[in-house]
Amino acid sequence: MDKPVITGNTIAIPSDVEHLADVDLFIEGILRGWEVDESRIADIAISVSELVNNAICHGNKSTRDKKVSATIDREGSLVVINVTDEGTGFSPENIENPIADDNLMKEVGRGIFIVQSLMDSVDFELTSTGSKVTIKKDI
Amino acid sequence: MKLSSKEQAGVVILEPKGKIMGGPDASLLHDKLHECIDSSQNQIIIDLAQVDWMNSTGLGILISSYTTLRNNGGHLKLANVTDKIKSLLTITKLVSVFEAFDSVDEAVASFK
């Protein structure tokens, strides 16, 4: 794929960080349509940007012809978002604690920690085609 | 993200606007900060008044610039930190790293 494709409540992008803004526009647009308050929209948008960035850079190793998808749904008062890539997954338990004194000044390594702090739940799954992260937030 | 800059009392003030999430926007801020550092302008304020939010990429740029400036005898300070970014700095404990001021004028005065 060479450009973002929107199908219903899913956006798929090539693995290039230049498309982060396309995903943000899509997700924030849907959340505003659901009249979610701006603070929660920001929390969700930050989290999605972290997950999509990770999927592009770490999951798909920035290989443009591999895609990253984000799907947004509602389950009652919960917003549920899945971010998938075509990578081989990772173990969240292997991520170093970014607020430990030794790691505080590191330039990277905070993404998942931020997502876990902002969302009500975060689940990681390895599928037959790549990895999938599901986040949920009560709106 | 858009980025403008100005100078006040010998201090460079960078004014990003929008969201700092990675990709081209993050490169813009990173490159501008390092352009200032390379030209020995080592007293820098980032005015965050018009930044909707930033993610870990934005925080990484702030840390990189803070460290580079400090190693060159300079300082990076923040002004007009919004509640959303303040919350992110608190979550990540970076609130203890960055000096933050309620206005650009206060931040500029702190360099004297």
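As shown above, the structure is provided for reference.
Read on for an overview of the structure.

So, how was this worked out
- Residues numbered from 1 in each chain as written.
- Chains lettered and ligands numbered in written order.
- Predicted model: local features only at pLDDT ≥ 70, side-chain atom pairs only at ≥ 80, totals over all residues.
- Heavy atoms only, no water.
- 1 Å grid on protein atoms, 1.4 Å probe; cavity = no way out; pocket = protein on both sides within 12 Å on 5 of 7 lines; lining within 4 Å.
- Points joined across faces, edges and corners; volume = space filled by probe spheres on them.
- Helix = DSSP H or I, 4+ residues; strand = E, 2+ residues; numbered from the N terminus.
- Nonpolar A, V, L, I, M, F, W, Y, C, P; charged D, E, K, R; others polar.
- Pairing = 2+ DSSP bridges.
- Axes fitted to C-alpha atoms, helices over the stretch in contact; angles between N-to-C directions.
- Contact = heavy atoms within 4.5 Å.
- Salt bridge = Lys/Arg side-chain N within 4 Å of Asp/Glu carboxyl O.
- Buried < 20%, exposed > 50% of the residue type's maximum accessible area, 1.4 Å probe, protein only.
- Phe/Tyr/Trp six-rings, centres within 6.5 Å; stacked < 30°, edge-to-face > 60°.
- Lys NZ or Arg CZ within 6 Å of the ring centre and 35° of its normal.
- Right-handed = clockwise from strand over helix to strand, strands pointing away.

Observations concerning empty space enclosed by the protein
Residue and element names in this part refer to chain A.
- Applying the stated criterion across every chain yields a total of one cavity of 30 Å³ or more.
- Considered as a void within the structure, the largest cavity measures approximately 30 Å³ in volume.
- Lining the largest cavity are Leu 20, Val 23, Asp 24, Ala 45, Val 48, Ser 49 and Val 52.
- Taken together, the elements giving at least two residues each to the lining of the largest cavity come down to α1 (20-33) and α2 (38-59).
- Broken down by element, the lining of the largest cavity gets its largest block of residues, four residues, from α2.
- Classifying every residue of the lining of the largest cavity gives five nonpolar, one polar and one charged.

A look at the sheet that holds strand β5 (residues 121-126) of chain A
Residues and elements named next belong to chain A.
- Strand order in the open sheet formed by six strands is β1-β2-β3-β4-β6-β5, and the pairing between neighbours is antiparallel. Each of the sheet's edge strands pairs with one partner strand only, and the pair in question is β1 (5-7) and β5. Mean inter-strand twist for the sheet, computed between neighbouring axes without regard to direction, equals 15°.
- Pairing of strand β3 (residues 67-75) with strand β4 (residues 78-84) involves seven bridges; the strand directions are antiparallel. Within β4, the residue paired with Thr 71 across the bridge is Asn 82.
- In this fold α2 packs onto β2 (10-14), β3, β4 and β6 (131-138), with an angle of close to 175° to the strand it touches most, β6.
- Along the sheet, helix α3 (residues 111-118) makes contact with β5 and β6, crossing β5 at roughly 130°.

Examining the pattern of salt bridges
- Overall, the coordinates contain 14 salt bridges over all chains when judged by the stated rule.
- Put simply, Glu28(A) and Lys19(B) hold a salt bridge, and the shortest N to O gap is 3.0 Å. Placement of the pair is Glu28(A) in helix α1 and Lys19(B) in strand β2 (residues 11-20), with the two residues belonging to separate chains. Across the pair, Lys19(B) and Glu28(A) agree in class, each one buried.
- Taking the shortest distance from any N to any O, the salt bridge between Arg32(A) and Glu38(A) comes out at 2.8 Å.
- Taken together, the salt bridges that share partners define one network made up of Asp24(A), Glu28(A), Arg32(A), Glu38(A) and Lys19(B).

Comments concerning the packing of aromatic side chains
- If you walk through the whole model with that rule in mind, you get one aromatic pair over all chains.
- Ring centres of Tyr66(B) and Phe98(B) lie 5.4 Å apart, and the angle between their planes is 80°; on these two criteria the pair is classed as edge-to-face. In this pair, Tyr66(B) is assigned in helix α2 (residues 56-71) and Phe98(B) in the loop between α3 (83-91) and β6 (99-101), connecting sequence segments 32 residues apart.
- Above the plane of the ring of Trp34(A) lies Arg74(A), whose end atom (NZ or CZ) is 5.5 Å from the centre.

Here we look at the pairing of strand β5 (residues 75-79) of chain B
All names here are of chain B.
- Most of β5 is tucked away: four of the five residues are buried.
- Looking at chain direction, strand β3 (residues 43-47) and β5 are connected through five bridges and run parallel. Within β5, the position partnered with Ile 45 by the bridge is Lys 77.
- What joins β5 to β6 is α3, and the crossover it makes is right-handed.

Description of the environment of Ser91(A)
- Tracing the backbone shows Ser91(A) in the loop between β4 and α3.
- Along the backbone, Ser91(A) and Ser77(A) are 14 residues apart, and their C-alpha atoms lie at a distance of 29 Å.

Some points on the environment of Ser40(B)
- Here Ser40(B) lies in the loop between α1 (24-38) and β3.
- Here the alpha-carbon distance between Ser40(B) and Met1(B), two residues 39 residues apart in the chain, equals 25 Å.

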